[in-house]
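Structural overview
Below are the chains, spelled out letter by letter.
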Amino acid sequence: MSVVPAEGVDLFWERVEPLLAPALLYSGGRIDADALYEGLILRRYLLWVVLDDDVIHAAFATRTAAYPRRRMLAVACAGGKRMREWLDLVQQTFRNYARDTDCDGVEMYGRPGWERALSRYGWKRTMVIMEVGRAAPESTDV
């Protein structure tokens, strides 16, 4: 598993975008492929790939999430095939990278299946995100 330098994003984007597209659909409109691409180029996100013999099996986008009391490596989107072959390596790589970059841990946003996949490595669900759309303005009679 490797992080892709910003100048290498263009070389990988065509192959990783289809892997990440399903995860972007779960973002609730927070990010789309164009915004992610721009963020990768500008280094707001890092692109990670699981590559074997020039075949990309998985791709991830991470960012640093700085909270008032904690700094976390945030896995913003993830996708791939043959998860059993790379999940151990990926989660350990992220834990090591978080430690090496002075983060307090790793957090991940994703569909519920990730909870089951990562629980065997000690990952726990710590919150649930709930949302509602913007309320329509009150109508006023004039």
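Look up: the structure comes first, before these words.
This write-up is about the structure you can find in this document. (Residues numbered from 1 in each chain as written. Predicted model: local features only at pLDDT ≥ 70, side-chain atom pairs only at ≥ 80, totals over all residues. Heavy atoms only, no water.)

1. Considering empty space enclosed by the protein
As a reminder, the rule being used: The rule is simple: put a 1 Å grid over the protein atoms alone, call a set of points where a 1.4 Å probe fits but cannot get out a cavity, call an open set with protein on both sides within 12 Å along at least five of seven lines a pocket, and count a residue as lining if it has an atom within 4 Å of a point. Grid points are joined across faces, edges and corners, and a volume is the space filled by probe spheres set on the points. Only DSSP runs of H or I covering at least 4 residues are called helices, and only runs of E covering at least 2 are called strands; the numbering of each starts at the N terminus. Amino acids are sorted into nonpolar (Ala, Val, Leu, Ile, Met, Phe, Trp, Tyr, Cys and Pro), charged (Asp, Glu, Lys and Arg) and polar (every other residue, Gly among them).
Inspection of the entire model under this criterion finds one cavity of 30 Å³ or more. Size it by volume and the largest cavity reaches roughly 50 Å³. In terms of lining, the largest cavity is formed by F60, L87, V90, Q91, F94, M108, W114, L118 and W123. Per-element accounting of the lining of the largest cavity gives the leading share, four residues, to helix α3 (residues 83–100). The residue inventory of the lining of the largest cavity, partitioned by class, reads eight nonpolar, one polar and no charged.

2. Details of the pairing of strand β5 (residues 105–108)
The side chains of a regular strand alternate, first on one face of the sheet and then on the other. We apply this condition: DSSP-based pairing: two strands are paired if at least 2 bridges between them are found. Looking down the strands as they point away from you, a crossover is right-handed if its path from the first strand over the helix to the second goes clockwise.
Summarising the sheet, strand β4 (residues 71–80) and β5 pair through four bridges and their orientation is parallel. What sits directly across from M72, in β5, is G105. Handedness of the β-α-β unit built from β4, α3 and β5 comes out right-handed.

3. With respect to the packing of aromatic side chains
Counted only if it meets this: Centre distance within 6.5 Å is the pairing criterion for rings of Phe, Tyr and Trp, where only the six-membered ring of Trp is used; planes under 30 degrees apart are then read as stacked, over 60 as edge-to-face, and the remainder as tilted.
The full count for this structure, using the stated rule, is five aromatic pairs. Among the aromatic residues, those joined into a ring-pair cluster are W48, F60, W86, F94 and Y97.

4. Side note on the pairing of strand β2 (residues 46–52)
Formally: Remark: exposure states derive from per-residue accessible area (1.4 Å probe, protein chains only) relative to the maximum for the residue type, with buried under 20%, exposed over 50%, and partly exposed in between.
Of all seven residues in β2, five are buried, a share of seventy percent or more. Of the strand pairs in this sheet, strand β1 (residues 2–4) and β2 are connected by three bridges, and their pairing is antiparallel. Counted as the bridge partner of V4 is L47 from β2. Summarising the sheet, β2 and strand β3 (residues 55–66) pair through seven bridges and their orientation is antiparallel. Directly across from L46, in β3, lies its bridge partner T62. Between β2 and β3, which pair antiparallel and follow one another directly, the connecting turn spans two residues, one of which, D53, has a positive phi of 50 degrees.

5. Focus on the side chain of Q91
Cut-off, in case you're wondering: Polar contact criterion, stated in full: a pair of N or O atoms within 3.5 Å, where within protein one must be able to donate a hydrogen and the other to accept it, and residues adjacent in sequence count only if both atoms are side-chain atoms. Throughout, a contact is declared for two residues whenever any of their heavy atoms are within 4.5 Å.
Note on placement: Q91 falls in helix α3. The exposure class of Q91 is buried, given its relative accessible area of 3%. At 3.0 Å, the side chain of Q91 forms a polar contact with the side chain of R95. Once you skip the residues sitting within four places of it in the chain, Q91 turns out to touch L118, Y121 and W123.

6. Some thoughts on the pattern of salt bridges
Operational definition: Salt bridges are defined as contacts in which a side-chain nitrogen from Lys or Arg sits within 4 Å of a carboxyl oxygen from Asp or Glu.
Under the criterion given, the structure shown has six salt bridges. R30 is paired through a salt bridge with E131; the nearest N and O atoms lie 2.7 Å apart. Of this pair, R30 sits in the loop between α1 (9–25) and α2 (33–41) while E131 sits in the segment after α4 (113–119); the two residues are 101 residues apart in sequence, bridging distant segments of the chain. In this structure R30 comes out as exposed when scored by relative accessible area, which is 55%. E131 sits in the exposed class, given a relative accessible area of 56%. Linking E85 and R82 is a salt bridge whose minimum nitrogen-to-oxygen distance equals 2.8 Å.

7. Re α1
Residues spaced three or four apart along an α-helix point in a common direction, a consequence of the helix completing one turn every 3.6 residues. Selection rule: The span one expects for a helix is its residue count, reduced by one, times 1.5 Å. We define the bend at each residue as the angle formed by axes fitted to the 7 residues ending at it and the 7 residues starting at it.
The end-to-end C-alpha distance of α1, which contains 17 residues, comes to just 21 Å, noticeably less than the 24 Å that a straight helix rising 1.5 Å per residue would cover. Largest kink in α1: about 50 degrees, centred on V16, with the proline P18 one to four residues after it. For α1, every residue scored as buried is listed here: V9, F12, W13, V16, L19, L20 and L24. Where α1 is buried, its residues contact β1, α2, β2, β3 and β4.

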